[in-house]
Amino acid sequence: MQSGNYTAGKDFKPAGPGKPGGEWLAANVVGSTAYESQNQNLGFALKRDNHLLQLNVGVQHLVFEGFPNQRMDMTANDSTQLNLRYTGQHQWGSLEASLYGQDTNHAMNMGRDRFPFGALGMPMNTKARTAGATVQANIVLSDRDILRTGAEYQQYTLNDWWRPAGGTMGPNTFWNVDLGTRDRLGVYGEWEAYWNPQWLSQFGVRSDSVKANAGPVQGYNAEPQWASDAAAFNALGRRRTDHNWDMTALARHTPDETKTFEAGYARKSHSPNPYQRYPWSTQPMAALMNNFAGDGNGYIGNVDLKPEVAHTLSATGDWHAAGDKPWNLKGTAYSTYVQDYIDARRCDFGQCGGSANLTSTNGFVNLQYVNRAARLYGLDLSGRMLIGKTGEYGSFSGSAGMNYVRGENRSTGDNLYNIMPLNIKLALVQQFGNWTNTAELQAVDAKTRVSQVRNEVRTGAYTLFNLRASYEWKQARLDLGIENVFNRYHSLPLGGAYLGQGASMTSNGIPWGVIVPGMGRSINAALNVRF
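This one's a predicted model, so the numbers in the text were calculated from it and none came from an experiment.

**Q** Would you mind showing me how to read the environment of Met420 here?
**A** Summarising the element assignment, Met420 is placed in the loop between strand S18 (394-409) and strand S19 (423-432). With 43 residues separating them in the primary sequence, Met420 and Thr463 have C-alpha atoms 15 Å apart. Not counting the four nearest positions on each side in its chain, Met420 is found in contact with Val405, Val444, Pro493 and Leu494.

**Q** Can you help me understand the packing of aromatic side chains in this one?
**A** By convention here, two paired aromatic rings are described through the distance between centres and the angle between planes. For the structure shown, the criterion picks out 17 aromatic pairs. Ring geometry for Phe115 against Phe117: centres 5.0 Å apart, planes inclined by 80 degrees, an arrangement best described as edge-to-face. Exposure remark for Phe115: the relative accessible area of 33% places this residue in the partly exposed category. An aromatic cluster of at least three residues, connected via ring pairs, comprises Trp162, Phe174, Tyr220, Trp226 and Trp280. Between Lys10 and the ring centre of Tyr489, over which it is positioned, the NZ or CZ distance is 5.1 Å. When the ring centre of Phe364 is taken as origin, the NZ or CZ atom of Arg71, which lies over that ring, is 4.8 Å away.

**Q** Can you walk me through the environment of Leu288 in this structure?
**A** Inspection of the secondary structure assignment puts Leu288 in helix H3 (residues 284-289). Along the chain, Leu288 and Met505 lie 217 residues apart, while their C-alpha atoms are 7.5 Å from each other. Those residues within four positions of Leu288 in sequence are excluded, and the remaining contacts are Arg71, Gly296, Asn297, Gly298, Met505, Thr506 and Ser507.

**Q** Please explain the side chain of Asn357 as it appears in this structure.
**A** Tracing the backbone shows Asn357 in helix H4 (residues 354-359). Since its relative accessible area comes to 6%, Asn357 is described here as buried. What Asn357 contacts, discounting residues up to four positions off in sequence, is Arg346, Cys347, Cys352, Val365 and Asn366.

**Q** When you look at a nonpolar patch on the surface in this model, what are you seeing that I'm missing?
**A** Together, Leu42, Phe44, Leu46, Leu53, Leu55, Leu84 and Leu99 give the surface a local cluster of nonpolar side chains, amounting to about 630 Å² of exposed area. Of all the elements, strand S4 (residues 35-48) adds the most residues to the nonpolar patch, at three residues. Mapped onto the fold, Leu84 is located in strand S6 (residues 73-90). Of the residues examined, Leu84 reaches a relative accessible area of 33% and is grouped as partly exposed.

**Q** Would you take a moment to explain the environment of Leu53 for this structure?
**A** Here Leu53 shows up in strand S5 (residues 51-65). For Leu53, a relative accessible area of 38% gives the class partly exposed. When the C-alpha positions of Leu53 and Leu185 are compared, they lie 24 Å apart, and in sequence the two are 132 residues distant. Excluding its chain neighbours within four sequence positions, the residues that come into contact with Leu53 are Phe44, Ala45, Leu46, Leu84, Arg85 and Tyr86.

Parameters at a glance
- Residues numbered from 1 in each chain as written.
- Predicted model: local features only at pLDDT ≥ 70, side-chain atom pairs only at ≥ 80, totals over all residues.
- Heavy atoms only, no water.
- Helix = DSSP H or I, 4+ residues; strand = E, 2+ residues; numbered from the N terminus.
- Contact = heavy atoms within 4.5 Å.
- Phe/Tyr/Trp six-rings, centres within 6.5 Å; stacked < 30°, edge-to-face > 60°.
- Buried < 20%, exposed > 50% of the residue type's maximum accessible area, 1.4 Å probe, protein only.
- Lys NZ or Arg CZ within 6 Å of the ring centre and 35° of its normal.
- Patch = residues over 30% accessible without salt bridge, like charges linked within 9 Å, V, L, I, M, F, W, Y side chains within 5 Å.
- Areas by Shrake-Rupley, 256 points an atom, 1.4 Å probe, with all protein chains shown as cover.
- Salt bridge = Lys/Arg side-chain N within 4 Å of Asp/Glu carboxyl O.

Here it is, written out as structure tokens:
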């Protein structure tokens, strides 16, 4: 797969090269959106009676991938994945087991649209390894009851280092995360009961132990801007063990062929990842490099983060026609309270920027991960209907979907970051012989509730129109499409800050307040062949 930079629906910035002597970027070109990747996957399967053994081997070689909402681009990524899976049917039920592993080596640096900051740029390397095993037994206790029980173990290791780049960034290697680990062991059980044709219940519990640690670190040199934070981090006790437990309870009622209702409660726990706990430097450039949120801000880790615990109540109704179901309407409402939600606060220590960092409302800032209380609630609606059939033009059906979610930081009164505003999709689908043709309308509301602590930028409402067609043979499928037919300019509500060109290594080197725009009109074609 390979692509150059895409273009927005109109000019949104001055035209010019992203770096001195670099490639000219037109005013509507979204810099750092090019990519080139080569992926291969090979699968083997062996089946005997009621037993199936599968082996999948995947290899990815990513030559380059730009990130328009990050300070750097991925200049190399080599990954190998192995997955060995067994499924077997037995008199008492079924057994599933798997072994998996993944090795990843990737490099980040300044792509062709960014100021290089010297001959070497800003080289950053990561090596990560994941290995794990799962086993699950599905035990038929009776005609009414099924018991699912299992265990999972996963081991994750991360090394993240930045080679010397000259000037104050040397002569040593900067260790961002040295021998970071996150190992998880979990056991679970779920009881499913079919009480009668109208009622089903599920009840499950899970217990996980998550152990995390990281080794001592060092900066580029012994100067205070690097050495002070490193010494403070190395003096901390960095080993953490989280004892998490989850629970789910669900009841489903099917009064007749045309209706299904569900109500449930779920408790879900999630421990912080190494990039939330262990990045240690308050030096602004280093903090900017540890951004995974896409908002352009700098981030510092917090060793003392607690696991998130989410409590969710949800209810679903599904109405549909009997038989071949020419129509259906489904709605889900939910409310989630999150204890120790991992949000952010303005950094007020080290080299974070003092009072200016605390009071800024229109620029990039330095943040530290912190636990807060949060609430999310929302509504998802979807439906489809057969409009009609004709012998001359085939069948016509319509579909619609609506999503709304609201996120609040209950500790500070702020809005949660990166929440999608109200959005609606409407589609008209024609099926005629081997052809499937779709006309789709997508409408997105303005995003006005934004995270103030992050200086998140508001986005306007927009409407897009898309056309797609596909033709299917027995062993092949051709897909054609025109996305954003009328070439509408729109800022992506979840796109993040535009950082895709220029001096992206510094807080003031990129204009604040520009959101990554969506793609303008694009014409797409794809051919899939099955063997």
